[in-house]
Number of protein chains: 2
Amino acid sequence: MALIVQKYGGSSVADAEGIKRVAKRVIDTRRAGHDVVVAVSAMGDTTDELLELAGEITPIPAPREMDMLLSSGERISMALLAMAIHSMGFDARSFTGPQAGMRTDSRYGAARIVEVTPDRLREALDEGAIVIVAGFQGINDDTQDITTLGRGGSDTTAVALAAALDADVCEIYSDVEGIFTADPRVIPLARKLDRVSSEEMLELAANGAKVLYIRAVEYARRHGVLIHARSTFTSNEGTYVLGEGMADPRGTEGEDMEEPIVAGVTTDLSQAKITVAGVPDVPGKAAEIFKTVAKAGANVDMIVQNAASTGRTDISFTVPKSDAAVVLKALGAEQETLSFEGLVHDDQIGKLSVVGAGMRTHSGVSAILFEALSAAGINIEMISTSEVRISVVLRGDELIDAARKVHTAYGLDGDIEAVVAAGTGR
Amino acid sequence: MALIVQKYGGSSVADAEGIKRVAKRVIDTRRAGHDVVVAVSAMGDTTDELLELAGEITPIPAPREMDMLLSSGERISMALLAMAIHSMGFDARSFTGPQAGMRTDSRYGAARIVEVTPDRLREALDEGAIVIVAGFQGINDDTQDITTLGRGGSDTTAVALAAALDADVCEIYSDVEGIFTADPRVIPLARKLDRVSSEEMLELAANGAKVLYIRAVEYARRHGVLIHARSTFTSNEGTYVLGEGMADPRGTEGEDMEEPIVAGVTTDLSQAKITVAGVPDVPGKAAEIFKTVAKAGANVDMIVQNAASTGRTDISFTVPKSDAAVVLKALGAEQETLSFEGLVHDDQIGKLSVVGAGMRTHSGVSAILFEALSAAGINIEMISTSEVRISVVLRGDELIDAARKVHTAYGLDGDIEAVVAAGTGR
């Protein structure tokens, strides 16, 4: 008998039918002889409706009250799920974040988990009950007020519970089958991966894959939690996210020995490129520039500096399109002190990333990428790499074509078209 | 500087506009230099919507989960109210029932308050904040689960907070101006009362007056809380409900000395009359009959027995129309053991009650009632009295006419027609 933590997103519990479907799934797991702890998000649009209500009251709601407001969404869905399970003849008890011992700091709207003390959950499990926990929320350790965890909060709740309860697996349910070699909406021939390393998963998520939140994957990796990303709508196995030294529970050594070089290809159209032109080629300039960018609160992704012999150099970097304006303003204000010649803003770029732990051990991985792109006559504007990732910046309107070619070049294409599915909520 | 507890019902916070209006009222009280604690109900239809959701899941929801579900309604309204007050430049903090120390027993859906430990509220008040508390809910002292207080829960929350915090007054806001000498919808000339004794208020509420819940009035009387029932939509003073030895805060001795004999006239069409005919006139029969009625779970109101010389007697009593069927069934099943001759069911009755503490000291109060009715040619079918109330059962279609005549006979008519208003939520 195993202890299984399951997380269901807002789209899985969007209405009574969805809640009953989830209840059946939970019960099936229980029937299989396992202890089950469920972390659940708010129903479909609940959160948006609450946000809208708050918006009608004031443009800038008090953070503490905002969290009090939003946390009610999960209380509704979890109570309904517990009722559904009850009505099917199984004991189920719902617990709020505070009741579940989800203790956080006091950063309302983006609280970090400080400690998880799931005493009441253990009690309920010992009494044979199915445990339902409100995702996305906790209790501020200092003032005992309700907090919410922000984006990816429910995934993180599930993983944190799995870690605290030493669960055998944390199943993250959504309306997609698992982790794919690419976004099926972009590349219809994308294949579902049986397994992916948490390291690869982090790069995939960081570069556009929507199925899992970086935060939850990071937490799982740090605490040795096995994640199984799968679909609410099928009973197929999904994708296992394996941390350091974790074996695939299906124990397919054969495949493990021949690990695929590349796990996936991601595309990202959300970035803009800013080029600081004619920067004096002297030590410390880059530092000054990015201190200014950081002060503007922008999240820099890629950075490329083209060294030049002219005594001046260009420094290019990418930021989320939404941050570009503030960054340009901040840099413009500092033009004299930074003594650069000009600023170029380009929001028509696209980023393509190839992710694979196999890169470490295999040479020529980047060559395949560059050849595929040149064969397609696609120009590369920026390149940056990590240990397990190669990213290139291209023209945005060439991104999808490029991604398909690259996906093929790495031999990732499947035989049949994947089912296209939408992303899930928090 | 006083400590004032205010309660706002669901209709007062039905939408963003309503919430802002309430926020302004709360702030006005704060500006007047008072500490303010607000108990708030769920927004307009929230509770019904949640009940409907639960209904879509299962016909018989688990009580614990039902309370978890319903309690989310107040969390939404209280957070929004706190935001509204914040946005107007005042510090406000919302607290759930558990956070407010509203400790109850574990009767889910109808929990009784066991103890109120408002330490966090005192703290917030000391720090100069306006305190918002979720009405209608508490925490089960045994299992630390969320409970709801049932009908009149928010009124009771407010009164209990006023008692625990030793507040100077508990203002119950609704969309009616206060307590009237009769329901203005029935008797347009009904007058608003400046004050009413808690004893009278209990009789009025028990006999059809909708403005305050018996439970809250009873709690206020036991704990010496001064209630001020007033309207959210005007700044007029409403009606003070005075407990034992409480003086009207407006200190109008003049009027106090000449206390009106009759406080009000109530009408009630919700009862049905059941007559158990031909009951052997021997000791213990009534006991058996009402034991049977009680077992059926019915709430008996009036009881009249017409002693007869025939060795048999008729026992008539009234119950809520909704209970009549089960009572008839229960009695029918026991006809042999109870050895009565027959059952008569009449759901076309109306009950008229005259309430006034003055009855104790003044004679002839009932005479006025009977004369008024006979002058109107209205027949009386049942009579029952308490220390401060006389109730009569009449034909239902004659009730309103009767009530108007009686209202006039006791000199209760005002000069102008009262504003007709709807009842409020929980």
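Numbering of residues starts from 1 in every chain and runs along the sequence as written. Throughout, the order in which chains and ligands are written sets their labels, letters from A for the former and numbers from 1 for the latter. Given that the model is predicted, a residue must reach a pLDDT of at least 70 before its local features are reported, and side-chain atom pairs must reach 80 or more before they are shown or counted; all residues, however, enter totals for whole chains, interfaces and linings. As a rule here, side-chain values come from all non-hydrogen atoms in the structure, and water together with hydrogens is ignored.

Going by this rule: UniProt positions are given in the numbering used here, feature names are shortened, and annotations may be inferred rather than shown by experiment.
The name recorded for chain A in an unreviewed UniProt entry is Aspartokinase, from Microbacterium pseudoresistens. We quote the UniProt Sequence similarities (unreviewed entry) comment for chain A here in full: "Belongs to the aspartokinase family." Under the heading Function (unreviewed entry), UniProt records this for chain A: "Catalyzes the phosphorylation of the beta-carboxyl group of aspartic acid with ATP to yield 4-phospho-L-aspartate, which is involved in the branched biosynthetic pathway leading to the biosynthesis of amino acids lysine, threonine, isoleucine and methionine."

## Focus: a negative patch on the surface
Counted only if it meets this: Here the term patch refers to residues with relative accessible area over 30% and no salt bridge, with like charges joined within 9 Å and nonpolar side chains (Val, Leu, Ile, Met, Phe, Trp, Tyr) within 5 Å. Using a 1.4 Å probe, accessible areas were evaluated by the Shrake-Rupley method; residue-level cover was limited to the displayed protein chains. Each salt bridge in this description consists of a side-chain nitrogen of Lys or Arg and a carboxyl oxygen of Asp or Glu lying within 4 Å of one another. Only four residue types enter the tally: Lys and Arg on the positive side, Asp and Glu on the negative side, with His and both chain ends excluded. To locate a charge, the coordinates of NZ of Lys, CZ of Arg, CG of Asp or CD of Glu are taken. Each helix corresponds to a stretch of at least 4 residues labelled H or I by DSSP, and each strand to a stretch of at least 2 residues labelled E; elements are numbered beginning at the N terminus.
A contiguous patch of negative charge on the surface is contributed by Asp15, Asp45, Asp48, Glu49, Glu52 and Glu56 of chain A together with Asp15, Asp45, Asp48, Glu49, Glu52 and Glu56 of chain B. Secondary-structure elements contributing two or more residues to the negative patch are α2 (46–57) of chain A together with α2 (46–57) of chain B. For Glu56 of chain B, the position within the fold is in helix α2.

## Things to note about the interface of chain A and chain B
Our working definition: Residues are treated as being in contact if the distance between any of their heavy atoms lies within 4.5 Å. Buried area counts how much accessible surface, traced with a 1.4 Å probe, disappears from two parts once they are put together, with both parts' losses summed.
Taken together, the contacts link 39 residues of chain A with 39 residues of chain B. Taking both partners together, chain A and chain B bury about 3,000 Å²; carbon and sulfur atoms supply 69% of that area. Inspection of the chain A/chain B interface yields two salt bridges. Here the side of chain A that touches chain B gets 16 residues from one element, more than from any other, and that element is helix α3 (residues 63–87) of chain A.

## Concerning the environment of Asp35 of chain B
Residues and elements named next belong to chain B. Going by this rule: Buried means the residue's accessible area, taken with a 1.4 Å probe over protein chains only, is under 20% of the maximum for its type, while exposed means over 50%, and partly exposed covers the values in between.
The residue Asp35 is located in strand β2 (residues 35–40) in this model. By relative accessible area, Asp35 is classed as buried at 15%. C-alpha separation for the pair Asp35 and Gly109, spaced 74 residues apart in sequence, amounts to 31 Å. With residues near it in sequence (within four places) discarded, Asp35 still touches Met1, Ala2, Leu3, Ile4, Arg30 and Leu125.

## Focus on the pairing of strand β3 (residues 92–95) of chain A
All names here are of chain A. Let me state the cut-off plainly: The criterion for strand pairing is that DSSP finds at least two bridges linking the strands in question.
Judged by which residues are buried, β3 turns out to be covered on both faces: Ala92 and Ser94 on one side and Arg93 and Phe95 on the other are all buried. Looking at chain direction, β3 and strand β6 (residues 130–134) are connected through four bridges and run parallel. Its bridge partner being in β6, Phe95 is matched across the sheet by Val133.

## A closer look at the UniProt feature "binding site: substrate" (unreviewed entry) in chain A
Residue and element names in this part refer to chain A. In this structure's numbering, the residues bearing the UniProt feature "binding site: substrate" (unreviewed entry) are Thr47 and Glu74. Spanning 28 residues, the named residues nonetheless gather at one spot, since no C-alpha pair among them exceeds 9.0 Å. Turning to its location among the elements, Thr47 is positioned in helix α2. Note on Thr47: relative accessible area 14%, which makes it buried.

## Some remarks on the domain arrangement of chain A
The condition is simple: How far each domain reaches was decided by an automatic or database domain assignment.
Considered domain by domain, chain A is made up of domain 1 (3–174) and domain 2 (256–426). Computed from C-alpha atoms alone, the centre-to-centre distance between domain 1 of chain A and domain 2 of chain A is 36 Å.

## Topic: the side chain of Asp145 of chain A
Convention followed: Two N or O atoms count as a polar contact when they lie within 3.5 Å, although within protein this holds only if one can serve as hydrogen donor and the other as acceptor, and sequence-adjacent residues are included solely when both atoms are side-chain atoms.
With respect to the helices, strands and loops of the structure, Asp145 of chain A is situated in the loop between β7 (137–140) and β8 (146–148). Given a relative accessible area of 6%, Asp145 of chain A falls into the buried group. Reaching out from Asp145 of chain A, the side chain makes a polar contact with the side chain of Tyr108 of chain A at a distance of 3.4 Å. Of the polar contacts made by the side chain of Asp145 of chain A, one reaches the side chain of Arg120 of chain B; its length is 2.6 Å. Excluding residues within four positions of it along the chain, Asp145 of chain A makes contact with Arg64, Tyr108, Gly138, Ile139 and Asn140 of chain A together with Gln99 and Arg120 of chain B.

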